[in-house]
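Given next are the chains, with one letter for each unit.
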Amino acid sequence: MADSLAIAVLAAGKGTRMRSALPKVLHSLSGLPLLQHVLISTATVHPVRQIVIVGYGADQVKTALAHLPNLEFAEQAEQLGTGHAVQQVIPALAGFEGNLLVLNGDVPLLKPETIENIVSTHNDSGSAATILTAKIDDPTGYGRVFCDENLVVKEIIEHRDCTAAQRANQRINAGIYCFSWSALMTVLPHLKADNDQQEYYLTDVIKDLSPVRAVDAPPAEIAGINNRKQLAEAEAVMQKRIKDDLLLSGVTLINPDTITIDATVLVEPDVVIEPQTNLRGRCVIHPGCHIGPGSLVENSVIGANTTLIHSVITDSEVAGGGRIGPFAHIRGQAVVGENCRIGNFVEVKKSTIGDRTNVAHLSYIGDAELGQQVNVGAGTITVNYDGRNKHKTVIGDRTKTGANSCLVAPITIGSDVTMGAGSVLTKDVESDCLVVTRSPQKSIPGWKPEYLRQAQTETPAKD
Ligand code: UD1
Ligand code: CA
């Protein structure tokens with residue numbers, strides 16, 4: 001089947017110019033590794049094989065992609081250049097008869113339609129190779145593509161190997177190539193490292209293949225990431241794309257430049273997102289929510305019509321209709337029911353909170369299970385940690401905890417309990433009780449000794 005497509009993604013380089021211990025292709029762009037964006041852009045051309053060429057930090061790269069199905073890895077033990085990298089897939093593709101789409105793992109802004117375009121142009125033209133190019137204002141650092149007016153390519157010369165006159169050519173190589181595998185195999189094994197960097201350049205196969213066609217791509221899509229400045233520029237492009245898509249899908253973003261939203265976030269229509277809000281990781285924000293200003297939601301699900309102000313929610317779920325914040329921190333697999341009020345200044349960790357329960361002021365609720373319609377008095381603390389282990393607090397439906405109370409876990413408090421303010425509870429409480437641990441209030445009139453009473457009339461001592 002001549003049209004079947006394999007992909008090879010070059011991801012073995014360290015990325016020296018990133019000045020980082022993390023392999024370059026694992027640096028995050030809008031919440032996903034650079035390399036994963038590249039893989040996503042190829043989904044609509046349905047590759048039958050997906051080979052990632054790993055080298056520097058190979059184990060780290062494999063682990064980061066372990067959740068993706070049908071990936072194969074080829075190891076490039078020494079990074080001797082992009083051509084040497086593609087040579088590493090030769091054993092895996094022995095007997096393969098289709099096309100090989102080669103992508104650089106550090107070119108993450110490609111859109112699926114651009115990939116579809118290079119693949120279909122290649123199939124239609126029957127070329128030996130088709131390469132993605134763009135004309136850009138500042139081509140510094142990129143390989144220059146030399147072609148005629150019909151976009152038939154003669155050769156690619158790396159920036160550092162170009163003469164001054166060749167550098168004036170603004171048509172650059174995007175690092176994305178579609179090869180007929182059998183044609184590539186006539187030249188790939190014979191590459192030489194006779195260039196300034198003494199590397200085996202993939203780009204050197206082009207001058208020995210014929211015909212080679214160039215396909216133009218929108219310049220904004222082909223930016224390669226070699227340093228953190230370029231990463232920041234790509235982030236701005238990706239953020240604009242994500243936010244423009246959301247705006248057009250019915251989400252209001254107020255002052256969108258101050259908002260960041262990862263590519264992995266799902267925001268439903270009629271959500272309003274206010275300034276200085278960040279949505280990260282795997283989040284779902286259901287319709288009618290009002291998120292922000294000044295909030296961070298990470299790996300969490302927020303039910304419909306929730307209001308969230310100046311708060312942080314991580315790895316948790318909040319059902320619909322609630323009012324969260326200002327200044328709530330909900331974390332550690334917390335599950336908050338419907339129509340709850342959480343905050344001002346409340347932390348909820350790894351706890352379940354029943355529907356219509358309020359934890360409205362200055363509380364810590366950790367490792368707890370609260371029923372429905374519980375009212376947690378201001379300043380209530382679950383004392384969950386004995387210095388060694390964490391213990392559980394259970395509070396039944398409709399119970400009211402006293403303001404400034406401590407519930408020393410493990411402890412179970414029944415339903416319909418009313419608790420006196422300032423209580424320190426260390427034992428379980430049955431349902432339907434009033435419970436209080438305070439010592440009785442005493443007033444002692446005339447308690448001051450004579451010398452203190454006299455002192456009141458004297459001028460204060462200076463020291
Ligand atoms: C490469 C192209 C250049 C093009 C540019 C587009 C070559 C020789 N040059 O240059 O024409 O304009 O991309 O962005 O191909 N890699 C390996 N193994 C290696 C070397 C690199 O896997 O031995 C990987 C890197 O991890 C990276 C990709 O290949 O993902 C590109 O390598 P990089 O060094 O960034 O190439 P450029 O100098 O940008
Ligand atoms: Ca690069």
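Residues numbered from 1 in each chain as written. Chains lettered and ligands numbered in written order. Predicted model: local features only at pLDDT ≥ 70, side-chain atom pairs only at ≥ 80, totals over all residues. Heavy atoms only, no water.

### Re the site of ligand 1
Applicable threshold: Note on terminology: near, applied to a residue and a molecule or strand, indicates that one of the residue's heavy atoms is within 4 Å of it. Throughout this description, a polar contact denotes any pair of N or O atoms lying within 3.5 Å of each other; where both atoms belong to protein, one of them has to be capable of donating a hydrogen while the other can accept it, and for residues adjacent in sequence the pair is counted only when both atoms sit in side chains. Numbering of helices and strands runs from the N terminus, with a helix taken as a DSSP run of H or I at least four residues long and a strand as a DSSP run of E at least two residues long. For this classification, the nonpolar set comprises Ala, Val, Leu, Ile, Met, Phe, Trp, Tyr, Cys and Pro, the charged set comprises Asp, Glu, Lys and Arg, and every other residue, Gly included, is treated as polar.
In the neighbourhood of ligand 1, 25 residues make up the surrounding shell, with Gln-76, Gly-81, Thr-82, Glu-158 and Asn-173 lying closest. Between an oxygen atom of ligand 1 and a side-chain N or O atom of Lys-24, the distance comes to 3.4 Å. Between an oxygen atom of ligand 1 and a main-chain N or O atom of Asn-173, the distance comes to 2.6 Å. For the shell around ligand 1, the secondary structure elements donating two or more residues are strand 1 (5–11), helix 3 (82–87) and strand 10 (171–180). If one sorts the elements of the shell around ligand 1 by residue count, strand 10 sits on top with three residues. A class-by-class count of the residues in the shell around ligand 1 yields 10 nonpolar, 11 polar and four charged.

### Digging into the packing of aromatic side chains
Remark: the centre distance and the inter-plane angle together describe each pair of aromatic rings, the angle taken between the planes. How we decide: Centre distance within 6.5 Å is the pairing criterion for rings of Phe, Tyr and Trp, where only the six-membered ring of Trp is used; planes under 30 degrees apart are then read as stacked, over 60 as edge-to-face, and the remainder as tilted. Each residue is placed in one exposure class: buried if its accessible area under a 1.4 Å probe, protein chains only, is under 20% of its type's maximum, exposed if it is over 50%, and partly exposed if it falls in between.
Overall, the coordinates contain two aromatic pairs when judged by the stated rule. Seen in terms of ring centroids, Tyr-177 and Phe-179 are 5.7 Å apart; in terms of plane orientation they differ by 15°. Their pairing is stacked. We classify Tyr-177 as buried; its relative accessible area is 4%. We classify Phe-179 as buried; its relative accessible area is 0%. A centroid spacing of 5.0 Å and a plane angle of 15° characterise the contact between Phe-327 and Phe-345, whose relative ring orientation is stacked. Of the two residues, Phe-327 sits in the loop between strand 24 (323–324) and strand 25 (328–331) while Phe-345 sits in the loop between strand 27 (341–342) and strand 28 (346–349), which places them 18 residues apart along the sequence.

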